[in-house]
Protein chains: 2
Amino acid sequence: MNFSDFFPIWSKLTSAQQQLLEHSAVFRKAEKGDVVHNGSIQCTGLLLVGRGQFRAYFLSEDGREITLYRLFERDICLFSAACMISSIQFDIIVEAEKEAEYWVIPPEVYKDLMAESAPISNYTNELMASRFSDVMWLMEQVLWKSFDKRLARFLLDEAVLEASLTLKITHEEIGNHLGNPREVVTRMLRYFQTEEMVKLNRGTIEITNPEKLEAILD
Amino acid sequence: MNFSDFFPIWSKLTSAQQQLLEHSAVFRKAEKGDVVHNGSIQCTGLLLVGRGQFRAYFLSEDGREITLYRLFERDICLFSAACMISSIQFDIIVEAEKEAEYWVIPPEVYKDLMAESAPISNYTNELMASRFSDVMWLMEQVLWKSFDKRLARFLLDEAVLEASLTLKITHEEIGNHLGNPREVVTRMLRYFQTEEMVKLNRGTIEITNPEKLEAILD
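Residues numbered from 1 in each chain as written. Chains lettered and ligands numbered in written order. Predicted model: local features only at pLDDT ≥ 70, side-chain atom pairs only at ≥ 80, totals over all residues. Heavy atoms only, no water.

Take the overall build of chain A next. Secondary structure summary: chain A contains seven helices and 11 strands in total. A sequence separation of at least 24 residues applies to 70% of the contacts in chain A between residues at least 6 apart. Carbon and sulfur atoms make up 46% of the accessible area of chain A, which totals about 10200 Å². Seen as two clouds, the 23 positive and the 33 negative side-chain charges of chain A have centres 4 Å apart. (Helix = DSSP H or I, 4+ residues; strand = E, 2+ residues; numbered from the N terminus. Contact = heavy atoms within 4.5 Å. Areas by Shrake-Rupley, 256 points an atom, 1.4 Å probe, with all protein chains shown as cover. Lys, Arg positive; Asp, Glu negative; His and termini not counted. Charge placed at Lys NZ, Arg CZ, Asp CG, Glu CD.)

A few words on the state of the cysteines. Residues and elements named next belong to chain A. A full pass over the atoms with the stated rule returns two disulfides over all chains. The disulfide partner of C43 is C83, and the gap between their sulfur atoms is 1.8 Å. Linking C43 and C83, the disulfide has an S-S dihedral of approximately -70 degrees and is accordingly described as left-handed. Linking C43 in the loop between β2 (35-38) and β3 (46-51) with C83 in the loop between β6 (76-77) and β7 (92-96), this pair joins segments that are 40 residues apart in sequence. Relative accessible area serves as the criterion here: at 27%, C43 is assigned to the partly exposed category. (Disulfide = S-S within 2.5 Å. Buried < 20%, exposed > 50% of the residue type's maximum accessible area, 1.4 Å probe, protein only.)

Looking now at unusual backbone geometry. Unusually for a residue other than glycine, A163(A) sits at a positive phi of about 50 degrees. Of note, the phi angle at R74(B) is positive, near 75 degrees, even though the residue is not glycine. Within the element layout of this structure, R74(B) appears in the loop between β5 (65-71) and β6 (76-77).

Another point: the sheet that holds strand β7 (residues 92-96) of chain B. Here we have four strands laid out as an open sheet, ordered β2-β7-β4-β5 (chain B), and antiparallel in their pairing. What marks the edges here is a single partner per strand, and that holds for β2 (35-38) and β5 of chain B. Across the sheet, the mean angle separating the axes of adjacent strands is 20 degrees when strand polarity is ignored. Looking at chain direction, strand β4 (residues 54-59) of chain B and β7(B) are connected through five bridges and run antiparallel. Bridge pairing links R55(B) to E95(B) in β7(B). Most of the contacts of helix α3 (residues 118-144) of chain A go to β5(B), to which it runs at about 130 degrees, and overall it touches β4 and β5 of chain B. (Pairing = 2+ DSSP bridges. Axes fitted to C-alpha atoms, helices over the stretch in contact; angles between N-to-C directions.)

Residue and element names in this part refer to chain A. Spatially, β1-β8-β3-β6 is the arrangement adopted by the four strands of the open sheet, whose pairing is antiparallel. Where the open sheet ends on each side, the last strands, each with one partner, are β1 (26-30) and β6. Bridge analysis of β1 against strand β8 (residues 100-105) gives five bridges, and the strand direction is antiparallel. Bridging across to β8, A30 finds its partner in A100.

Residue and element names in this part refer to chain B. Relative to the assigned elements, P210 resides in helix α7 (residues 210-216). With 54 residues separating them in the primary sequence, P210 and L156 have C-alpha atoms 7.4 Å apart. Ignoring sequence-local partners within four residues, the contact set of P210 consists of L156 and L165.

Next up on the list: the relation of the copies chain A and chain B. Of the two same-sequence chains, chain A is brought onto chain B (RMSD 0.0 Å, axial shift 0.0 Å) by a rotation of 180 degrees. In short, the pair behaves as if placed about a two-fold rotation axis. When C-alpha positions in chain A are compared against the rotation axis, the closest is assigned to A118(A), at 2.0 Å. A share of 100% of the interface residues of chain A reappears at the interface of chain B, consistent with the copies meeting face to face through the same patch. (Least-squares fit on C-alpha atoms with pLDDT ≥ 70 in both.)

Right, let's get into the side chain of T67(A). All names here are of chain A. When you line up the elements, T67 lands in strand β5 (residues 65-71). Taking the relative accessible area as the measure of exposure, T67 reaches 10% and is therefore buried. At 2.8 Å, the side chain of T67 forms a polar contact with the side chain of R55. A distance of 2.5 Å separates the side chain of T67 from the side chain of H177, its partner in a polar contact. Excluding residues that lie within four positions of it along the chain, T67 makes contacts with R55, A56, Y57, L138, N176 and H177. (Polar contact = N/O pair within 3.5 Å; in protein donor to acceptor, adjacent residues only side chain to side chain.)

Moving on: the nonpolar core. Counting 112 residues, the largest nonpolar core has F7(A), L46(A), I105(A), F7(B), L46(B) and I105(B) as the members making the most contacts within it. Residues within four places of L46(B) in sequence aside, it is in contact with F7(B), I76(B), C77(B), L78(B), S80(B), A81(B), M84(B), W103(B), V104(B), I105(B) and Y110(B). (Core = buried A, V, L, I, M, F, W, Y, C linked by side-chain atoms within 4.5 Å.)

What follows covers helix α4 (residues 147-162) of chain B. All names here are of chain B. Between its terminal C-alpha atoms α4 stretches 22 Å, which fits the 22 Å expected from 16 residues at 1.5 Å a residue. All buried positions along α4 are accounted for by F147, R150, L151, A152, F154, L155, L156, E158 and A159. A positive phi of about 50 degrees marks A163, the residue just after α4. (Expected span 1.5 Å × (residues − 1).)

Residue and element names in this part refer to chain A. If you check the domain split of chain A, you get domain 1 (3-142) and domain 2 (145-215). Taken together, the contact pairs 12 residues of domain 1 with 10 residues of domain 2. Summed over both partners, the interface of domain 1 with domain 2 buries about 1000 Å², with 44% contributed by carbon and sulfur atoms. The three residues of domain 1 that bury the most area against domain 2 are E65, R70 and Q141, which together make up 44% of that side's buried surface. The tally of links between domain 1 and domain 2 comes to one salt bridge. (Domains from an automatic or database assignment. Buried area = accessible area lost by both parts, 1.4 Å probe. Salt bridge = Lys/Arg side-chain N within 4 Å of Asp/Glu carboxyl O.)

Structure (C-alpha coordinates):
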(Lines give C-alpha, C1' and ligand atoms only; values in the text may rest on other atoms or scores of the structure.)
Protein backbone atom coordinates (compact mmCIF):
# COMPACT_ATOMS: atom_id res chain seq x y z
CA MET A 1 0.00 0.00 0.00
CA ASN A 2 1.27 3.47 -0.92
CA PHE A 3 0.85 6.53 1.23
CA SER A 4 -0.65 8.28 -1.76
CA ASP A 5 -3.66 5.94 -1.27
CA PHE A 6 -4.37 7.70 2.03
CA PHE A 7 -3.74 11.24 0.81
CA PRO A 8 -5.57 12.22 -2.37
CA ILE A 9 -3.58 15.46 -2.24
CA TRP A 10 -0.24 13.56 -2.38
CA SER A 11 0.83 15.17 -5.66
CA LYS A 12 0.40 18.63 -4.13
CA LEU A 13 3.08 17.91 -1.51
CA THR A 14 6.74 18.64 -1.98
CA SER A 15 8.99 15.59 -2.13
CA ALA A 16 10.43 16.63 1.25
CA GLN A 17 6.92 16.55 2.73
CA GLN A 18 6.17 13.19 1.12
CA GLN A 19 9.38 11.73 2.53
CA LEU A 20 8.70 13.16 5.97
CA LEU A 21 5.29 11.45 6.05
CA GLU A 22 6.71 8.14 4.84
CA HIS A 23 9.73 8.13 7.12
CA SER A 24 7.98 9.24 10.28
CA ALA A 25 5.17 6.67 9.97
CA VAL A 26 5.52 3.74 12.36
CA PHE A 27 4.09 0.41 11.22
CA ARG A 28 2.09 -1.54 13.82
CA LYS A 29 -0.08 -4.61 14.16
CA ALA A 30 -3.09 -5.09 16.42
CA GLU A 31 -5.02 -8.13 17.56
CA LYS A 32 -8.80 -8.14 17.85
CA GLY A 33 -9.74 -6.27 21.01
CA ASP A 34 -6.52 -4.23 21.31
CA VAL A 35 -7.06 -0.61 22.29
CA VAL A 36 -4.73 1.30 19.97
CA HIS A 37 -5.66 4.75 21.22
CA ASN A 38 -7.14 6.00 24.48
CA GLY A 39 -7.87 9.71 24.22
CA SER A 40 -8.01 10.43 27.92
CA ILE A 41 -4.42 9.32 28.49
CA GLN A 42 -2.49 9.82 25.25
CA CYS A 43 -2.14 11.63 21.93
CA THR A 44 -1.20 8.73 19.69
CA GLY A 45 -1.03 10.40 16.30
CA LEU A 46 -2.76 10.01 12.98
CA LEU A 47 -3.80 6.39 12.36
CA LEU A 48 -3.70 5.10 8.77
CA VAL A 49 -5.51 1.78 8.43
CA GLY A 50 -3.73 -0.69 6.15
CA ARG A 51 -5.84 -3.74 6.89
CA GLY A 52 -8.52 -4.79 9.36
CA GLN A 53 -11.28 -2.92 11.17
CA PHE A 54 -11.37 -0.46 14.04
CA ARG A 55 -14.11 1.04 16.13
CA ALA A 56 -13.87 4.63 17.39
CA TYR A 57 -16.06 5.23 20.39
CA PHE A 58 -16.89 7.89 22.89
CA LEU A 59 -16.80 7.19 26.61
CA SER A 60 -18.91 9.24 29.02
CA GLU A 61 -17.61 10.35 32.41
CA ASP A 62 -19.60 7.58 34.04
CA GLY A 63 -18.29 4.89 31.70
CA ARG A 64 -21.01 4.62 29.09
CA GLU A 65 -20.04 3.99 25.47
CA ILE A 66 -21.35 4.78 22.01
CA THR A 67 -19.72 3.89 18.70
CA LEU A 68 -19.04 7.03 16.65
CA TYR A 69 -17.68 5.45 13.50
CA ARG A 70 -15.79 2.47 12.11
CA LEU A 71 -12.45 2.62 10.32
CA PHE A 72 -11.60 0.31 7.43
CA GLU A 73 -8.73 -0.15 4.96
CA ARG A 74 -7.46 3.22 3.66
CA ASP A 75 -9.27 5.21 6.36
CA ILE A 76 -7.50 7.82 8.47
CA CYS A 77 -8.31 8.49 12.11
CA LEU A 78 -7.78 12.16 12.94
CA PHE A 79 -9.09 12.30 16.50
CA SER A 80 -6.39 9.95 17.74
CA ALA A 81 -4.19 13.02 17.25
CA ALA A 82 -6.52 15.46 18.99
CA CYS A 83 -3.60 17.33 20.58
CA MET A 84 -2.79 18.75 17.12
CA ILE A 85 -5.95 20.86 17.13
CA SER A 86 -6.48 22.68 20.38
CA SER A 87 -10.25 23.16 19.96
CA ILE A 88 -10.93 19.42 20.06
CA GLN A 89 -12.37 19.11 23.54
CA PHE A 90 -13.44 15.49 23.61
CA ASP A 91 -11.70 12.15 23.77
CA ILE A 92 -12.24 9.00 21.79
CA ILE A 93 -11.02 5.46 22.15
CA VAL A 94 -10.00 3.34 19.16
CA GLU A 95 -10.14 -0.43 19.40
CA ALA A 96 -9.32 -3.11 16.81
CA GLU A 97 -12.41 -5.16 15.93
CA LYS A 98 -10.43 -7.46 13.67
CA GLU A 99 -6.74 -8.30 13.36
CA ALA A 100 -5.24 -5.17 11.82
CA GLU A 101 -2.18 -3.48 10.36
CA TYR A 102 -1.77 0.25 10.53
CA TRP A 103 0.66 3.15 10.52
CA VAL A 104 0.95 5.92 13.08
CA ILE A 105 2.13 9.37 12.08
CA PRO A 106 3.40 11.26 15.15
CA PRO A 107 1.18 14.26 16.00
CA GLU A 108 4.07 16.76 16.07
CA VAL A 109 5.12 15.76 12.53
CA TYR A 110 1.61 16.12 11.18
CA LYS A 111 0.99 19.37 13.02
CA ASP A 112 4.09 20.92 11.44
CA LEU A 113 2.97 19.72 8.02
CA MET A 114 -0.47 21.28 8.52
CA ALA A 115 1.17 24.55 9.52
CA GLU A 116 3.29 24.74 6.37
CA SER A 117 1.03 23.11 3.77
CA ALA A 118 -2.41 24.45 2.85
CA PRO A 119 -3.24 21.24 0.90
CA ILE A 120 -2.54 19.09 3.99
CA SER A 121 -4.53 21.42 6.19
CA ASN A 122 -7.48 21.52 3.79
CA TYR A 123 -7.45 17.76 3.50
CA THR A 124 -7.53 17.56 7.30
CA ASN A 125 -10.56 19.86 7.17
CA GLU A 126 -12.26 17.39 4.86
CA LEU A 127 -11.42 14.47 7.18
CA MET A 128 -12.92 16.29 10.14
CA ALA A 129 -16.00 17.37 8.20
CA SER A 130 -16.59 13.80 7.13
CA ARG A 131 -16.52 12.57 10.76
CA PHE A 132 -18.66 15.52 11.81
CA SER A 133 -21.25 14.42 9.25
CA ASP A 134 -21.16 10.87 10.67
CA VAL A 135 -21.79 12.23 14.15
CA MET A 136 -24.65 14.46 12.98
CA TRP A 137 -26.27 11.43 11.39
CA LEU A 138 -25.80 9.54 14.65
CA MET A 139 -27.29 12.43 16.61
CA GLU A 140 -30.39 12.34 14.42
CA GLN A 141 -30.70 8.59 14.99
CA VAL A 142 -30.30 8.87 18.74
CA LEU A 143 -32.73 11.77 19.04
CA TRP A 144 -35.50 10.78 16.75
CA LYS A 145 -35.29 7.14 15.69
CA SER A 146 -36.99 4.62 17.90
CA PHE A 147 -34.77 1.93 19.41
CA ASP A 148 -36.28 -0.96 17.42
CA LYS A 149 -35.22 0.73 14.17
CA ARG A 150 -31.71 1.48 15.48
CA LEU A 151 -31.22 -2.10 16.66
CA ALA A 152 -32.55 -3.59 13.41
CA ARG A 153 -30.22 -1.30 11.42
CA PHE A 154 -27.28 -2.34 13.60
CA LEU A 155 -27.92 -6.09 13.23
CA LEU A 156 -28.28 -5.81 9.46
CA ASP A 157 -25.11 -3.70 9.15
CA GLU A 158 -23.16 -6.18 11.28
CA ALA A 159 -24.34 -9.06 9.11
CA VAL A 160 -22.86 -7.25 6.09
CA LEU A 161 -19.56 -6.44 7.88
CA GLU A 162 -19.19 -10.03 9.13
CA ALA A 163 -20.56 -11.56 5.93
CA SER A 164 -22.74 -13.83 8.06
CA LEU A 165 -26.28 -13.94 9.44
CA THR A 166 -24.95 -15.44 12.66
CA LEU A 167 -23.40 -12.69 14.78
CA LYS A 168 -20.98 -13.45 17.58
CA ILE A 169 -21.74 -10.51 19.81
CA THR A 170 -23.06 -10.05 23.33
CA HIS A 171 -26.02 -7.89 24.33
CA GLU A 172 -23.61 -5.77 26.35
CA GLU A 173 -21.42 -5.13 23.30
CA ILE A 174 -24.44 -4.05 21.27
CA GLY A 175 -25.42 -1.70 24.09
CA ASN A 176 -21.94 -0.18 23.96
CA HIS A 177 -22.24 0.41 20.23
CA LEU A 178 -25.65 2.03 20.47
CA GLY A 179 -25.27 3.92 23.74
CA ASN A 180 -28.00 2.00 25.56
CA PRO A 181 -27.97 -0.23 28.66
CA ARG A 182 -27.74 -3.99 28.16
CA GLU A 183 -31.24 -4.60 29.57
CA VAL A 184 -32.79 -2.43 26.86
CA VAL A 185 -30.97 -4.43 24.18
CA THR A 186 -32.01 -7.78 25.69
CA ARG A 187 -35.65 -6.72 25.93
CA MET A 188 -35.80 -5.65 22.28
CA LEU A 189 -33.94 -8.75 21.07
CA ARG A 190 -36.43 -10.96 22.89
CA TYR A 191 -39.23 -9.08 21.17
CA PHE A 192 -37.48 -9.65 17.80
CA GLN A 193 -37.26 -13.35 18.70
CA THR A 194 -40.97 -13.52 19.54
CA GLU A 195 -41.63 -11.98 16.14
CA GLU A 196 -39.40 -14.69 14.60
CA MET A 197 -36.88 -12.31 13.10
CA VAL A 198 -33.90 -13.53 15.16
CA LYS A 199 -32.93 -16.56 17.20
CA LEU A 200 -30.97 -15.98 20.40
CA ASN A 201 -28.37 -18.59 21.32
CA ARG A 202 -25.59 -18.66 23.88
CA GLY A 203 -23.12 -16.04 22.60
CA THR A 204 -24.68 -15.59 19.17
CA ILE A 205 -27.60 -13.89 17.51
CA GLU A 206 -28.90 -15.50 14.36
CA ILE A 207 -30.88 -13.39 11.91
CA THR A 208 -33.55 -15.82 10.75
CA ASN A 209 -35.69 -13.42 8.75
CA PRO A 210 -33.67 -10.51 7.36
CA GLU A 211 -36.56 -9.28 5.17
CA LYS A 212 -38.82 -8.88 8.19
CA LEU A 213 -36.02 -7.14 10.09
CA GLU A 214 -35.54 -4.75 7.19
CA ALA A 215 -39.23 -3.97 7.10
CA ILE A 216 -38.86 -2.40 10.56
CA LEU A 217 -36.67 0.32 9.04
CA ASP A 218 -39.51 1.76 6.93
CA MET B 1 -15.05 46.29 15.09
CA ASN B 2 -11.96 45.16 13.22
CA PHE B 3 -11.73 41.99 11.18
CA SER B 4 -8.63 41.09 13.15
CA ASP B 5 -11.01 40.54 16.11
CA PHE B 6 -12.52 37.61 14.23
CA PHE B 7 -9.26 36.17 12.96
CA PRO B 8 -6.56 35.63 15.58
CA ILE B 9 -4.26 34.68 12.70
CA TRP B 10 -4.76 38.11 11.03
CA SER B 11 -1.08 39.03 11.27
CA LYS B 12 -0.13 35.86 9.39
CA LEU B 13 -2.10 36.95 6.32
CA THR B 14 -0.61 38.97 3.49
CA SER B 15 -2.02 42.47 3.11
CA ALA B 16 -3.66 41.34 -0.15
CA GLN B 17 -5.46 38.57 1.77
CA GLN B 18 -6.49 40.98 4.52
CA GLN B 19 -7.90 43.40 1.97
CA LEU B 20 -9.73 40.64 0.13
CA LEU B 21 -11.47 39.58 3.35
CA GLU B 22 -12.38 43.17 4.25
CA HIS B 23 -13.57 44.17 0.79
CA SER B 24 -15.58 41.04 0.04
CA ALA B 25 -17.46 41.11 3.35
CA VAL B 26 -21.04 42.31 3.04
CA PHE B 27 -22.54 44.08 6.05
CA ARG B 28 -26.09 43.07 7.01
CA LYS B 29 -28.68 43.59 9.71
CA ALA B 30 -31.22 41.10 11.01
CA GLU B 31 -34.35 41.45 13.11
CA LYS B 32 -35.24 38.96 15.82
CA GLY B 33 -36.63 35.85 14.15
CA ASP B 34 -35.00 36.42 10.73
CA VAL B 35 -33.57 33.28 9.15
CA VAL B 36 -30.20 34.42 7.82
CA HIS B 37 -29.13 31.04 6.48
CA ASN B 38 -31.08 27.96 5.40
CA GLY B 39 -28.68 25.14 4.58
CA SER B 40 -31.07 23.10 2.50
CA ILE B 41 -31.54 25.89 -0.06
CA GLN B 42 -28.43 28.05 -0.04
CA CYS B 43 -24.71 28.39 0.69
CA THR B 44 -24.67 31.82 2.29
CA GLY B 45 -21.03 32.18 3.25
CA LEU B 46 -19.07 32.68 6.43
CA LEU B 47 -21.06 34.69 9.00
CA LEU B 48 -19.14 37.04 11.29
CA VAL B 49 -21.31 38.24 14.18
CA GLY B 50 -20.79 41.92 15.03
CA ARG B 51 -23.67 42.31 17.46
CA GLY B 52 -26.68 40.31 18.66
CA GLN B 53 -27.37 36.61 19.02
CA PHE B 54 -28.02 33.77 16.61
CA ARG B 55 -29.15 30.20 16.99
CA ALA B 56 -27.79 27.47 14.71
CA TYR B 57 -30.08 24.48 14.57
CA PHE B 58 -30.45 21.19 12.82
CA LEU B 59 -33.68 20.21 11.11
CA SER B 60 -34.59 16.56 10.60
CA GLU B 61 -36.23 15.30 7.42
CA ASP B 62 -39.57 15.21 9.20
CA GLY B 63 -39.26 18.76 10.51
CA ARG B 64 -37.93 18.26 14.04
CA GLU B 65 -35.43 20.76 15.43
CA ILE B 66 -32.56 20.79 17.88
CA THR B 67 -30.31 23.74 18.73
CA LEU B 68 -26.66 22.90 18.02
CA TYR B 69 -25.03 26.09 19.28
CA ARG B 70 -25.50 29.81 19.77
CA LEU B 71 -23.46 32.55 18.11
CA PHE B 72 -22.56 35.77 19.89
CA GLU B 73 -20.47 38.87 19.18
CA ARG B 74 -17.13 37.96 17.51
CA ASP B 75 -18.25 34.42 16.71
CA ILE B 76 -17.89 32.97 13.23
CA CYS B 77 -20.36 30.54 11.68
CA LEU B 78 -18.60 28.11 9.36
CA PHE B 79 -21.43 25.75 8.46
CA SER B 80 -23.37 28.52 6.73
CA ALA B 81 -20.67 28.07 4.07
CA ALA B 82 -20.86 24.28 3.96
CA CYS B 83 -20.36 24.24 0.18
CA MET B 84 -16.70 25.20 0.77
CA ILE B 85 -15.95 21.80 2.30
CA SER B 86 -17.36 18.93 0.29
CA SER B 87 -17.41 16.42 3.15
CA ILE B 88 -19.96 18.44 5.13
CA GLN B 89 -23.06 16.33 4.53
CA PHE B 90 -25.59 18.03 6.77
CA ASP B 91 -27.51 21.29 6.72
CA ILE B 92 -28.07 23.81 9.43
CA ILE B 93 -30.36 26.80 9.76
CA VAL B 94 -29.24 30.04 11.39
CA GLU B 95 -31.83 32.37 12.90
CA ALA B 96 -31.40 35.72 14.70
CA GLU B 97 -32.58 35.46 18.31
CA LYS B 98 -31.96 39.16 18.92
CA GLU B 99 -31.59 42.18 16.64
CA ALA B 100 -28.18 41.66 15.04
CA GLU B 101 -25.46 43.06 12.81
CA TYR B 102 -23.18 40.77 10.90
CA TRP B 103 -20.91 40.37 7.90
CA VAL B 104 -21.05 37.70 5.22
CA ILE B 105 -17.90 36.55 3.45
CA PRO B 106 -18.81 34.86 0.16
CA PRO B 107 -17.96 31.13 0.17
CA GLU B 108 -15.92 31.26 -3.05
CA VAL B 109 -13.70 34.01 -1.62
CA TYR B 110 -13.08 32.11 1.59
CA LYS B 111 -12.54 28.81 -0.21
CA ASP B 112 -9.81 30.38 -2.36
CA LEU B 113 -8.17 31.85 0.74
CA MET B 114 -8.18 28.43 2.45
CA ALA B 115 -6.58 26.90 -0.63
CA GLU B 116 -3.70 29.38 -0.69
CA SER B 117 -3.16 30.08 3.02
CA ALA B 118 -2.25 27.40 5.56
CA PRO B 119 -2.96 29.79 8.50
CA ILE B 120 -6.52 30.42 7.23
CA SER B 121 -7.06 26.72 6.64
CA ASN B 122 -5.72 25.75 10.08
CA TYR B 123 -7.87 28.40 11.73
CA THR B 124 -10.88 26.94 9.91
CA ASN B 125 -9.88 23.56 11.33
CA GLU B 126 -9.99 25.07 14.81
CA LEU B 127 -13.43 26.60 14.15
CA MET B 128 -14.79 23.26 13.02
CA ALA B 129 -13.19 21.38 15.91
CA SER B 130 -14.77 23.81 18.35
CA ARG B 131 -18.26 23.21 16.92
CA PHE B 132 -17.58 19.48 16.79
CA SER B 133 -16.82 19.61 20.52
CA ASP B 134 -20.11 21.45 21.15
CA VAL B 135 -21.98 18.75 19.28
CA MET B 136 -20.20 15.93 21.13
CA TRP B 137 -21.22 17.57 24.41
CA LEU B 138 -24.79 17.79 23.12
CA MET B 139 -24.71 14.13 22.07
CA GLU B 140 -23.66 13.15 25.57
CA GLN B 141 -26.53 15.21 27.03
CA VAL B 142 -29.10 13.76 24.67
CA LEU B 143 -27.94 10.17 25.17
CA TRP B 144 -27.35 10.00 28.86
CA LYS B 145 -28.81 13.00 30.71
CA SER B 146 -32.38 12.70 31.86
CA PHE B 147 -34.81 15.27 30.49
CA ASP B 148 -35.39 17.03 33.83
CA LYS B 149 -31.68 17.89 34.01
CA ARG B 150 -31.57 19.08 30.40
CA LEU B 151 -34.64 21.28 30.87
CA ALA B 152 -33.37 22.74 34.16
CA ARG B 153 -29.99 23.49 32.49
CA PHE B 154 -31.76 25.16 29.56
CA LEU B 155 -33.97 27.39 31.74
CA LEU B 156 -31.01 28.51 33.86
CA ASP B 157 -28.87 29.21 30.77
CA GLU B 158 -31.70 31.23 29.21
CA ALA B 159 -32.09 33.29 32.38
CA VAL B 160 -28.40 34.24 32.09
CA LEU B 161 -28.64 35.03 28.36
CA GLU B 162 -31.78 37.15 28.86
CA ALA B 163 -30.59 38.60 32.19
CA SER B 164 -34.03 37.88 33.63
CA LEU B 165 -35.76 35.15 35.63
CA THR B 166 -38.89 35.70 33.55
CA LEU B 167 -38.48 33.99 30.19
CA LYS B 168 -40.66 34.89 27.21
CA ILE B 169 -40.62 31.57 25.47
CA THR B 170 -43.23 29.01 24.46
CA HIS B 171 -43.14 25.30 25.31
CA GLU B 172 -42.90 24.60 21.58
CA GLU B 173 -39.80 26.79 21.26
CA ILE B 174 -38.13 24.99 24.16
CA GLY B 175 -38.94 21.68 22.49
CA ASN B 176 -37.26 22.92 19.31
CA HIS B 177 -34.12 23.84 21.23
CA LEU B 178 -33.90 20.51 23.03
CA GLY B 179 -35.10 18.20 20.28
CA ASN B 180 -38.19 17.01 22.17
CA PRO B 181 -41.92 17.26 21.44
CA ARG B 182 -43.89 20.10 23.04
CA GLU B 183 -45.96 17.72 25.20
CA VAL B 184 -42.83 16.39 26.91
CA VAL B 185 -41.74 19.95 27.73
CA THR B 186 -45.17 20.90 29.08
CA ARG B 187 -45.33 17.82 31.28
CA MET B 188 -41.93 18.49 32.84
CA LEU B 189 -42.63 22.21 33.31
CA ARG B 190 -45.85 21.36 35.15
CA TYR B 191 -43.86 19.05 37.40
CA PHE B 192 -41.36 21.90 38.03
CA GLN B 193 -44.35 24.12 38.89
CA THR B 194 -45.75 21.54 41.33
CA GLU B 195 -42.33 21.49 42.95
CA GLU B 196 -42.48 25.31 43.18
CA MET B 197 -39.40 25.93 41.06
CA VAL B 198 -41.17 27.80 38.26
CA LYS B 199 -44.46 29.58 37.69
CA LEU B 200 -46.15 29.15 34.32
CA ASN B 201 -48.04 32.13 32.93
CA ARG B 202 -49.50 32.89 29.53
CA GLY B 203 -46.44 33.23 27.25
CA THR B 204 -43.85 33.34 30.05
CA ILE B 205 -42.06 31.04 32.44
CA GLU B 206 -40.94 32.57 35.70
CA ILE B 207 -38.11 30.92 37.59
CA THR B 208 -39.24 31.32 41.19
CA ASN B 209 -36.61 29.16 42.88
CA PRO B 210 -33.35 29.07 40.88
CA GLU B 211 -31.45 27.33 43.71
CA LYS B 212 -33.87 24.41 43.71
CA LEU B 213 -33.70 24.24 39.91
CA GLU B 214 -29.92 24.15 40.09
CA ALA B 215 -30.03 21.33 42.61
CA ILE B 216 -31.59 19.13 39.89
CA LEU B 217 -28.34 19.33 37.94
CA ASP B 218 -26.36 17.45 40.58
